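# Inside the fold
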Amino acid sequence: MDVSSPLASAQPITAQLSSLNSVIGSCPDSALPSAARDVEQLFMDLESRLSSSTQWAGSGELKACLSVSRTLIGRCSLPLAADDVSVAVEAELKAVAIRAETVSPALLTLLRILGKDGGVDEGGGASERVLYTVAPDFCVFAVTHFQVAPWSSPSSRSAAQKVMRALLEAGHWTDSAHMLMGDRGGAKGILGGVLDLLQPQLNKDAMFRCEAVKLVFSWTLLQVTRTALSPRLPRLLPPSLLLADHYRPENCNLGVRCLHHIVLNAAAAELRQLNQAEVVYQALFRLLYHAQPQVTQAVLTCLMDLLLILEKPPSVSPVPSSVSPAPPVRAVSRHDAVLRLVLTQMEAEHKVALRRVYASALPPLVDRCGIAVCRHMKRLERVMIGFLEVSDPPDETSRIQTLHTLNRTLSSAWPRVDRGRAERFLKAVLQLLVDVSSDSNVTDAVKQEVFDQSETSIRRLDACLGGTLQCLLLQVDSGHCSSEVLRVLLSATAKTQT
C-alpha cells in the first residue's frame, strides 16, 4: 500500500489509539495524565490531517476515536456506594475530580474536530455520525462534573463547563435544551441517547447508590419542555416518582420538582392516560405528611397545578339542566381532601417554618374552593383564629397570610358567617391589631400590611351582618388602643358607612 495514501497514513493513529484505549482502562491514576496527553496529541495529529484531506480514513479510525473517548469518560465515573445510606470515601471523590480535569483537554480536541465542517467527508458525514453517537456520553460527563458536589472542584467544574460549551458548538446547538430536543429545522436531539445511558441506573436499587445519577436525570428532565416531554413520559415519570418517594428530604424535594415540571409541560391528555395523573396525585398526597418545610411547600405548589388536570375547581358551578331548576349538589372532590388534610396538619403544627408554609398555601386553596369551602368552615375557623393569636416576628408571615385567607373566606362563604362566628373573627383581628401595633420588632411596612388586611377583614365582617358590627366597634376602649389601631377602626367604619 502506498504510504502516502490516507489509509496508510491513518493506520498508525488507529493502532495507537487502540493501544492507548487498553492502557487507559486499566492504568493507575498516576499514569492517566500521560496517557490522556498522548490521546490529545493523536487527536491533534488527526485534526491536522483532516484539515488538509477533509476525509476520514475509514470506519476503524471512527471506532477508535469513539472507543477511546468513552474509555476516558468511563475513568471519571463515580464509585458506587454499597447502598443508598453509605457515602463514598472523600479521597475517592477527590480522585474523580482530578481525573475529570485530566481527560477534558483530549475531549475538547475531539469535539473541535467533530465540529469542523472540514471534518465531514463527502460520502455521508462521518464527523456528524460520530458526534451524534458520542454526544450523549459527553453530555452526561459534562453535567456530572459541572455540579457543585463533593466529587468536583473549581477546576474540574470549569473543565466540564468547557466540554459542554464545545459540545454545543460542535453540534451547532443554541443551548442545552436545543441539544436535547432538537428542532423542526432538522437539528437532531440527543435526549433518547442520554436516557439510554442513564436507564440501567434509573431503578430503586441503583439510583441512590451513585449521587450523580439523580442530578444528571433531573437536569435532563428540567430542560425538556412540552413538545418533547409527552412522548417520553413513560421513561421520565417512574424515576421522578422514585425520587419523590425517597426518605432523604433533598431527594424527595428534587423528585417533587421533577413531577411539577412534568405536570406543567406534559399534555393533560397524556397525564390522564392510564391514570398517570392519579398516580402522581396519590404520591404527592402522601408527601403532605412529610414534616419538612421545603418538601411540603413544593408538594402543595405542585398539587395546585395537578388538581386542574384531574378535575374542575369546586368554585366553578355546574350548569343546571333545563329539566331541574336547582343546580346539582356539589360532589366532594380532591380539592376538599387536600384542604381537609392541610387544615388537620395546621391545627397541630408548632414549627414556625411549617406554619408559614401552610399559611401561605391556604389562601390560593381557599380561593380555588370558592363557596365549597363552607364544608370546612368549623375547622377553618379554628385554624384561622389559632394562627392569628400566635405572633410570627419579624415579618408576621403566618398572620398576614391568615388574614388573606380570612378575607377570601368571607368573600366566598359569607352566608355561613353568622353573628357568633363574626364576633369571634372580629375579636381575633382586634387582638392582632393591638399586638402588632405594640411590637417594636415589627417593621413599619409589615405593620401597614397587617393594618390594611385587618381593615379589609373588619369591613367584610360588617358586610356579612349587614353593618351591625359597627356598634361593637364603638365599644372599643380608646384608652387601651394605640392611635394606629384607632385609625384603622375609624377608616373601616367610615368606609362601611358609605
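From a predicted model like this one, the values you see are computed outputs, not experimental measurements.

## Section: the overall build of the protein chain
Of the regular secondary structure elements, the protein chain holds 23 helices and zero strands. Within the protein chain, the proportion of its 498 residues that are buried is 51%. Partitioning the intrachain contacts of the protein chain with sequence separation of at least 6 by distance along the chain shows that 72% fall at a separation of at least 24. A total of about 23,000 Å² of accessible surface is found on the protein chain, and carbon and sulfur atoms cover 54% of it.

## Let's talk about the environment of Leu229
Of note, Leu229 is situated in helix 10 (residues 226-229). C-alpha of Leu229 to C-alpha of Ala267: the two residues are 38 residues apart in sequence and 8.6 Å apart in space.

## A closer look at the pattern of salt bridges
All told, the structure shown has 21 salt bridges when counted by the stated rule. Between Arg248 and Glu250 there is a salt bridge; the shortest N-O distance is 2.8 Å. According to the relative accessible area criterion, Glu250 is partly exposed, its value standing at 42%. Where Arg379 meets Glu347, a salt bridge forms, and the shortest distance between an N and an O atom there is 3.4 Å. With a gap of 32 residues between them, Arg379 in helix 18 (residues 377-389) and Glu347 in helix 16 (residues 334-348) connect regions that are remote in the sequence.

## Some remarks on the environment of Thr301
Positionally, Thr301 belongs in helix 15 (residues 293-310). Placed 63 residues apart in sequence, Thr301 and Pro364 show a C-alpha to C-alpha distance of 9.9 Å.

## Re unusual backbone geometry
Omega for the peptide link from Pro393 to Pro394 comes to 0°, which places this bond in the cis form. A positive phi angle, near 55°, is found at His172, a position not held by glycine. Among the structural elements, His172 can be located in the loop between helix 6 (154-170) and helix 7 (176-181).

## Regarding the side chain of Gln453
Tracing the backbone through its elements, the reader meets Gln453 in helix 21 (residues 444-464). The buried category is assigned to Gln453, whose relative accessible area is 15%. In contact with Gln453, not counting residues within four places along its chain, are Leu403, His404 and Asn407.

## Here we look at the packing of aromatic side chains
Summed over all chains, the structure comprises three aromatic pairs. Between Phe146 and Trp219 the ring centres are 6.3 Å apart and the planes differ by 70°, which places this aromatic pair in the edge-to-face class. Within this pair, whereas Phe146 is found in the loop between helix 5 (126-145) and helix 6, its partner Trp219 is found in helix 9 (residues 211-223), the two being separated by 73 residues in sequence. Seen from the ring of Tyr132, Lys188 lies directly overhead, with NZ or CZ sitting 5.3 Å from the centre. Note that Arg334 overlies the ring of Tyr281, its terminal NZ or CZ placed 5.7 Å from the centroid.

## Some details on the side chain of Asn21
Mapped onto the secondary structure, Asn21 falls in helix 1 (residues 6-26). We classify Asn21 as buried; its relative accessible area is 17%. Of note is the side chain of Asn21, whose polar atom sits 2.7 Å from the side chain of Ser67. The contact partners of Asn21, leaving out residues within four places of it in the chain, are Ser67, Val68 and Thr71.

## Considering the packing of helix 11 (residues 233-244) against helix 14 (residues 276-287)
As a packed pair, helix 11 and helix 14 sit with axes 11 Å apart at the nearest point and diverge in direction by 10°. Relative to helix 14, helix 11 is oriented roughly parallel. Where helix 11 crosses over helix 14, the two elements pack in a sense that is left-handed. Within the contact between the two elements, helix 11 uses Leu233, Leu237, Leu241 and Ala244 and helix 14 uses Gln276, Val279, Val280, Ala283 and Leu287. By residue class, the composition of the contact of helix 11 with helix 14 is eight nonpolar, one polar and no charged.

## Some details on the environment of His335
Along the polypeptide, His335 turns up in helix 16. The residues touching His335, leaving out its near neighbours within four places in the chain, are Leu307, Glu311, Lys312, Pro313, Pro314, Arg368 and Cys369. Polar contacts involving the side chain of His335 include one to the side chain of Arg368, which spans 3.2 Å.

## Quick notes on the packing of helix 20 (residues 419-437) against helix 21
The interhelical angle for the contact between helix 20 and helix 21, taken along N-to-C directions, is 160°, at an axis separation of 10 Å. In terms of their interaxial angle, helix 20 and helix 21 are classed as roughly antiparallel. Both helix 20 and helix 21 take part in a crossing whose hand is left-handed. Contacts between helix 20 and helix 21 involve Ala422, Phe425, Leu426, Val429, Leu430, Leu432, Leu433, Val436 and Ser437 from the former and Lys447, Val450, Phe451, Ser454, Ser457, Ile458 and Leu461 from the latter. Looking at the contact of helix 20 with helix 21, its residues break down into twelve nonpolar, three polar and one charged.

## Some details on the confidence of the model for the protein chain
Per-residue confidence for the protein chain gives a mean pLDDT of 86; residues scoring 70 or more make up 87%. Here residues 1-10 is a poorly scored stretch, pLDDT under 50, and it has eleven contacts once near neighbours within four places are set aside; other chains count. In the model, residues 117-124 has pLDDT below 50 throughout and makes 16 contacts with residues more than four positions away in sequence or in other chains.

Calculation criteria
Numbers given to residues run from 1 along each chain, matching the order in which its sequence is written. Reporting in this predicted model follows two pLDDT cut-offs: at least 70 for local features of residues, and 80 or more for side-chain atom pairs to be given and counted; totals over whole chains, interfaces and linings ignore these cut-offs and use all residues. Side-chain measures here rest on the full set of heavy atoms in the structure, leaving out hydrogens and waters. By the criteria applied, helices consist of DSSP H or I runs no shorter than four residues and strands consist of E runs no shorter than two, each listed in order from the N terminus. The buried label goes to any residue with under 20% of its type's maximum accessible area, the exposed label to any with over 50%, and the partly exposed label to all in between, with areas taken from a 1.4 Å probe on protein chains only. Note on contacts: a residue pair is in contact if any heavy atoms of the two residues lie within 4.5 Å. Computed with the Shrake-Rupley method and a 1.4 Å probe, the accessible areas treat only the protein chains shown as cover for residues. For salt bridges, the criterion is a side-chain nitrogen of Lys or Arg within 4 Å of an Asp or Glu carboxyl oxygen. Working definition: rings of Phe, Tyr and Trp (its six-membered ring) pair if their centres are within 6.5 Å, and the pair is stacked with planes under 30 degrees apart, edge-to-face with planes over 60 apart, and tilted otherwise. We call a charge positioned above a ring when the Lys NZ or Arg CZ atom is no farther than 6 Å from the ring centre and deviates by at most 35 degrees from the ring normal. Distance and chemistry together define a polar contact, namely a pair of N or O atoms within 3.5 Å, with one atom able to donate a hydrogen and the other to accept it when in protein, and with adjacent residues in sequence counting only for side-chain atoms on both sides. Here an axis means a line fitted to C-alpha atoms, over the contact stretch when the element is a helix, while the angle between two N-to-C directions is reported on a 0 to 180 degree scale. Orientation is classified from the angle alone, with under 35 degrees giving roughly parallel, over 145 giving roughly antiparallel, 65 to 115 giving roughly perpendicular, and any other angle giving oblique. For a crossing to be left-handed, the near helix must be turned anticlockwise from the far one by less than a right angle; the clockwise case is right-handed. The nonpolar class holds Ala, Val, Leu, Ile, Met, Phe, Trp, Tyr, Cys and Pro. Asp, Glu, Lys and Arg form the charged class, and all remaining residues, Gly among them, are polar. pLDDT measures the predictor's confidence residue by residue and takes values from 0 up to 100.

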